[in-house]
Each structure stands twice: as C-alpha cells, then as structure tokens.
Amino acid sequence: MNKSGEKFGIGLFIVLAAMSVSLISFMTEESKITGFVSYEANNLDLLEFDDMKSLGYMASGNYYIDGEGIVYWTDDEDKPAVAMVKSVSESEKSRHIYIDDEGRIGYVLDVNEK
C-alpha cells in the first residue's frame, strides 16, 4: 500500500478543516476581527469617564482630547481613541494633556495658544 497518498489526504483534510473553522469564526463575529489583527474602536468600545479628573486612572502618557470628549493616545503613531469623557468644559476641549505615573493630569502648553 502507498502510505504517502494517505498522509497527503489527511494533511489536505486538516488544512481544509482549519480554513473552514477560521472562515466560520470570522463570519459570526459581527464585523469584529479577533486574534492578532486589530480593528478601529468605535465609540461603544471606548472607556467612559464622567469628567476630566477621572482620566488620572489611565496609564501615564500623552493624550489629546478632541471637541467631542474623545481621548486619543498620542504616544503611538496611530493615535488610537482610548476613552471618552462625558462632561468636558469648553476650556478642556481640543487640548493636549499628560498623565504622570501618580495619576496627575497636566495640560501641555502650546506655544501658539494665547
């Protein structure tokens, strides 16, 4: 009997089964891609904070808060949205902030601001 033909058939079956399982898992994830591939977070996936003081619980680093209260992490080239602040005053909108290791929040001064 030729055993190499059986091994090829078993190998082909395993590959097709793995592809089928992967395809089914991607189709049933409701447009979210899991695993090692990342996806852009929508507003429902963001951490929500009541006010600016609550941002001190986030990891230290540089962040940007846009006019709608969405917080972006600026230490990464992609500048991903990481959080949302529910109550943001006009003076806190469109500002760069820094959170230190102790959770203190500081506003980064822009030389173009008056």
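Residues numbered from 1 in each chain as written. Predicted model: local features only at pLDDT ≥ 70, side-chain atom pairs only at ≥ 80, totals over all residues. Heavy atoms only, no water.

## Digging into the confidence of the model for the protein chain
Here's step 1: Looking at the protein chain as a whole, the pLDDT averages 79, with 75% of positions reaching at least 70.
Here's step 2: Low pLDDT, under 50, characterises residues 31-43; the stretch is placed with nine contacts to residues that sit more than four places away or in other chains. (pLDDT = per-residue confidence, 0-100. Contact = heavy atoms within 4.5 Å.)

## Some thoughts on the sheet that holds strand E2 (residues 61-65)
Here's step 1: Taking strand neighbours across the sheet as the criterion, the six strands line up as E1-E4-E3-E2-E5-E6 in an open arrangement whose pairing is mixed. Looking at which strands have only one partner, the edges of the open sheet turn out to be strand E1 (47-49) and strand E6 (105-107). For this sheet the average axis-to-axis angle between neighbouring strands, irrespective of direction, equals 30°.
Here's step 2: As paired elements, E2 and strand E3 (residues 70-73) share three bridges and run antiparallel to each other. (Pairing = 2+ DSSP bridges. Helix = DSSP H or I, 4+ residues; strand = E, 2+ residues; numbered from the N terminus. Axes fitted to C-alpha atoms, helices over the stretch in contact; angles between N-to-C directions.)

## Regarding the side chain of aspartate 66
Here's step 1: With respect to the element layout, aspartate 66 can be found in the loop between E2 and E3.
Here's step 2: Buried charge without a salt bridge: aspartate 66, with lysine 93 as the nearest opposite-charge side chain at an N-O distance of 8.5 Å.
Here's step 3: For aspartate 66, the side chain forms a polar contact with the main-chain nitrogen of glutamate 68, separated by 3.0 Å.
Here's step 4: Filtering out sequence-adjacent residues up to four positions away, aspartate 66 remains in contact with Tyr72, Lys93 and Ser94. (Buried < 20%, exposed > 50% of the residue type's maximum accessible area, 1.4 Å probe, protein only. Lys, Arg positive; Asp, Glu negative; His and termini not counted. Salt bridge = Lys/Arg side-chain N within 4 Å of Asp/Glu carboxyl O. Polar contact = N/O pair within 3.5 Å; in protein donor to acceptor, adjacent residues only side chain to side chain.)

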